[in-house]
Amino acid sequence: MNDLALFHRLLQQSRPHWLRLVTLFAIGLLASPLTLLAPLPLKIGVDSVLGSRPLPGWLHAVVPTAMDHTPAALLPLVAILALVIALLTQLQAFATTYLTAAAGERLVLDFRARIFRHLQRMSLSYHDTVGTADSGYRIQTDAPAIRNVVVDGFIPLVGAALTLGSMLYVTVRIDWELALVALAVSPPLLLAAHAYRPRLRRESRTVKKLESAALGVVHEVLGALRVVKAFGQEAGEDARFARRAGEGLRGRLRLAAAEGRFAIIVGLVTAAGMALVLFVGVGHVRAGLLTLGDLLLVMGYIAKLYDPLKTISRKAATLQVYLASLERAFALLNQAPDVTERPNARPLARARGAIAFRDVSFGYGPDRPVLHDVTFEVGPGTRFAIVGTTGAGKSTLMCLLTRLYDPTAGAILLDGVDIRDYRLEDLRRQFAVVHQDPVLFSVSIAENIAYAVPGASREQIVAAAQAAKAHEFIVQLPQGYDTQVGERGVKLSGGQRQRIALARAFLKDSPVLILDEPTSAVDQRTEAAIVEAMEGLERGRTVITISHRANALRRCSAALTIEHGRVVEAGSRVPPPPRPIAGPAPVVPATRQEKLLAHPAVQAWRRVAPDQPLPARVVPVKVKADRDTAARAYRLEPVEGDGPVIIAKGCRQADAVLERIVYEDILPHVRLPGPRCYGVVADPDAERGWVFLEELRGEEYSNLIPSHRTAAAQWLSVLHSGAQEWADPALLPTAGPLGYRDLMQVARDAIHEHLDNPALGTDDLAFLDTVLARFEDLDEHWDRLAAPCAGMPETLVHGDFNRKNLRVQEVEGAPRVVVFDWGDAGWGVPTTDLAQSSIAARPDLHAYWEAVRERWPAYDRETVERLAQCGSVFRALAAMRWASRGMPFDWAPWSVANLRLYDAELTRALDDLGWAHARHEAGVSAS
């Protein structure tokens, strides 16, 4: 867009605000006379108070004659005149600031609203192509450029031009030669501005694109945060955002460098002009052509003369940044919507619901055809099914029917009329759509139900919710219908969101109902409730159902099968379920409830809580890598509204007993926050057990966050100092150095025994030989490793204190750690809990020492650090024992990969402990 067209669009957009802008401009013009008056008190003070020259003519006329010839009487006049000029200048600046904000913000608001209206009317294909982040960037970041150009740019530019003219006129009246000398700097300034303008515009366009791309990463990641967390890609997304944002940063720096270079040129040119004027002016004073007061006045005017010159030069260049933003905003407004309303569109009150597709074809682009010559009819009041594989084009048909897109060929008829002939608002009022993924807005439940009918009464909203089988769960919520659902309804379950979407469709009461996979993401019980609600909603309407669920399709009287965008079969009746034939009774498979009751986790749960309802489903959440069937965990999800989520942790019998001791006999007395323990089941016959805990909510712990590490240290200090009084050491495994030596020996035996595993490669075997050699060395000098633990107080040790067993919750604005999984707990010196390796929680040692030093005076800071170093070694050895359990199996190379990781941790821990130095001393002693 060239500058002339851009300024024309700016004028059109600003026209409704002309009164505010003219007022602002008029007040801005007052700056020129006030600027001219500013040096006047100085001139009078020099020429008329200190000197003997008469007052200026206009001032002489208003000043009494006696005062005019008395310097002492003129001095207060000079002071009062300076104060009045300063007051008027400040009042003018205040009025300018306020009107600038008022006019600018209203101008931006109208421009943003216009862009937002236009974006809502753009087709889905535009948004699919461009993305929401770029559109949001143009509204929030590009649109405010209109204020920078019109209010902060154009008005000051015109004001600067007028000030320049007035200053030039006054200077010429005093000394025309000095005025010409001062103006000699104008051509270089204008040439520099002309040279820099296209480069600044080009750099600004590039920066806007790069910043919009970085914002796109933020939108994408935050919109799919569950996926990012599920796959552990936070670090990768951090890097992607940093890379995109870094490109924008480098673009900003290039732009800033160009602006800085231009500013240097402007400053040097004006400084040269000022020096030249001073040189010539001093000569004029010596020659008697000017008085000293006139020279000072001229120098003051020349300084003021250069201010508008600088403003004009800089504005002409720096406005390119904002003009680039306006180009992007107006380019969006130039995009014509793909779906438009015809000039003489027909009104439509309520359709009968007869639908016909006539040779309809559609594609999202020339290279992306979706539908090919689709033809079918749906009579009014028909329950019609659309069946096909994923990607066949089923949902696209519904988008065409509601005119989210227009077909590239063919026609779609509603009651025998092409839908493009109807008014768009009237057409879309004929359809109520329940999507596969129901979209809720971050308002209350009542406002979501009434979204299609904003003026609906509370009675109508409740009636719609009752019809959708949603009223029962809504009234059980803390605020009932006023409950806020969160962004996209995240505070509600999938079934609850779906029923609210159905209630919204009930309230809209449209003649055509479209159900796009309405039960695909819910369990069977919720599906039954939704299907029951849909049966009431479908009465008296034309219903089009897209679904793979038999329960949703069995009520349809006709069906359309579509594959690869083509109709395979149309108008066929949906076959009824087959009738049973006479003869021997068939073998009936176990029902879902029978399978649920047979699940070992559910059987154990019924022993712990026989009065609690059965869970809605059982979801595995953890299976050990060595396929240990005893070490499993399941999430027992309740029926909606019936209780919390329970984690059933399967473990060995000894571990189950240990967890029961910790949860029932120790933690309640120590008063540490933790998950609620519902009970423990130990089965001696099967040598296994179950622990049932309430699922913990909270942020995942990170040992890279200082506040998390401090909270972990505080939690450990309470555990270690408080558990001594309540724990029975005889009932707990040993967690001292000898226990970790045993774990090392178990790992050594497992590795040595299975070195002949054919799954291991040459590199694997070479590495395992070094591990065995290291184990031998540690075993030989174990007394040195255990020495720091001698004589230290012993207590309950968690034993597996790392991020996977910790959650962080916010309590009164501060993080609080909650800990679970006590299968590795024991009695000993708390070394491993204090470990500072990357595979541990790395609690803040200073905070820990501050908390325990009064109770344990033997723990000085050096001792705590030494114990933490030993704990890092023990922690790595325990991890290597765990990794070695996979050595007998086909996935032994996977175990070796883990052993490499933990061996690196062991190396770092031994280096921190000074192990090489200890070995050297041991060798000297032996010799």
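Quick caveat: nothing in here was measured; it's all calculated off a predicted structure. All residue numbers refer to positions counted from 1 along the written sequence of the respective chain. pLDDT decides what is reported in this predicted model: residues at 70 or higher carry local features, side-chain atom pairs at 80 or more are listed and counted, and totals for whole chains, interfaces and linings draw on all residues regardless. Where side-chain values are given, they derive from all heavy atoms of the structure, hydrogens and water being excluded.

Asker: Describe the overall build of the protein, listing the residues and the values that go with them.
Answerer: Helix and strand counts for the protein stand at 34 helices and 20 strands. Each of the 927 residues in the protein was classed as buried or not, and the buried ones make up 47%. Any two residues whose heavy atoms approach within 4.5 Å are treated as being in contact. A fraction of 74% describes how many contacts in the protein between residues 6 or more apart in sequence connect residues 24 or more apart. Accessible surface is estimated by sampling points in the Shrake-Rupley manner with a 1.4 Å probe; for residues, cover comes only from the protein chains shown. For the protein, the computed accessible surface area is about 46,300 Å², with 57% contributed by carbon and sulfur atoms. Helix and strand definitions follow DSSP, with helices as H or I runs of at least four residues and strands as E runs of at least two, each counted in order from the N terminus. When accessible area is computed with a 1.4 Å probe and restricted to protein chains, residues below 20% of their type maximum are described as buried, those above 50% as exposed, and intermediate ones as partly exposed.

Asker: With reference to specific residues and values, describe the nonpolar core.
Answerer: Within this scheme, the nonpolar core is defined by two criteria: the residues are buried Ala, Val, Leu, Ile, Met, Phe, Trp, Tyr or Cys, and they are joined through side-chain atoms within 4.5 Å. Core analysis: the biggest nonpolar cluster contains 83 residues, and W715, L719, V817, W822, Y848 and Y859 have the highest contact counts within it. Among the elements that take part in this core, helix α32 (residues 861-883) stands out by supplying 11 residues, more than any other. If you look at the next biggest cluster of nonpolar residues, it comprises 34 residues, including I355, I386, L427 and L560.

Asker: For the sheet that holds strand β4 (residues 409-414), give the residues involved together with the corresponding values.
Answerer: Here, any two strands with at least 2 DSSP bridges between them count as paired. The strand order across the open sheet formed by 4 strands is β2-β1-β4-β5, and the pairing between neighbours is antiparallel. Looking at strand neighbours, the two that pair on one side only are β2 (369-378) and β5 (417-418), the edges of this open sheet. Note that β4 and β5 share 2 bridges and pair antiparallel. Its bridge partner lying in β5, L414 is registered against V417.

Asker: Summarise the packing of aromatic side chains; cite the residues concerned and give the values.
Answerer: Any two rings among Phe, Tyr and Trp, with Trp reduced to its six-membered ring, count as a pair given centres within 6.5 Å; such a pair is stacked if its planes are under 30 degrees apart, edge-to-face if over 60, and tilted if neither. On inspection of all chains with the given rule, the structure shows 13 aromatic pairs. An angle of 20° between the planes, with centres 4.5 Å apart, marks the rings of F441 and Y451 as stacked. Residue F441 is found in the loop between β6 (431-434) and α18 (445-449), and its partner Y451 is found in the loop between α18 and α19 (458-467); the two are separated by 10 residues along the sequence. The class of F441 is partly exposed, set by a relative accessible area of 34%. Pairing W715 with W822 gives two aromatic rings, centres 6.0 Å apart and planes at 40°, and the pair type is tilted. Highlighted residues: W715 in helix α27 (residues 706-723) and W822 in the loop between β19 (814-819) and β20 (826-828), separated in sequence by 107 residues. As far as the burial class goes, W715 and W822 line up, both buried. Grouping aromatic residues by their ring pairs yields a cluster made of F357, F376 and F384. Counted as over-ring charges are cases with an Arg CZ or a Lys NZ within 6 Å of the ring centre that also lie within 35 degrees of the ring normal. The ring of W849 has R853 sitting right over it, with the charged end atom 4.6 Å from the ring centre. Directly above the aromatic system of F767 lies the positively charged group of R900, at a separation of 4.6 Å from the ring centroid.

Asker: So what about α27? Which residues, and what values?
Answerer: Take the number of residues in a helix, subtract one, and multiply by 1.5 Å to get its expected span. Over its 18 residues, α27 extends 26 Å from the first C-alpha to the last, a length consistent with the 26 Å expected when each residue adds 1.5 Å. With 13 of its 18 residues buried, α27 lies for the most part within the structure.

Asker: Lay out the pattern of salt bridges with the relevant residues and their values.
Answerer: Just to be clear on terms, a salt bridge is a Lys or Arg side-chain nitrogen sitting within 4 Å of an Asp or Glu carboxyl oxygen. Counted according to the given criterion, the structure contains 23 salt bridges. Between D426 and R423 there is a salt bridge, and its shortest N-O distance comes to 3.7 Å. Residue D426 is classed as buried on the basis of its relative accessible area of 4%. Linking D426 and R429 is a salt bridge whose minimum nitrogen-to-oxygen distance equals 2.8 Å. On the basis of relative accessibility, which here comes to 38%, the residue R429 falls in the partly exposed class. In the salt-bridge network here, residues are joined through shared partners; they are R423, D426 and R429.

Asker: Any chance you could break down the environment of M299 for me, citing the residues and the numbers?
Answerer: With respect to the helices and strands, M299 occurs in helix α15 (residues 292-334). When the C-alpha atoms of M299 and G281 are compared, they prove to be 8.6 Å apart, with 18 residues separating the residues in sequence. M299 has contacts with M274, V277 and L278, leaving out every residue within four places of it along the chain.

Geometric descriptors of this kind do not, in isolation, establish any biological role.
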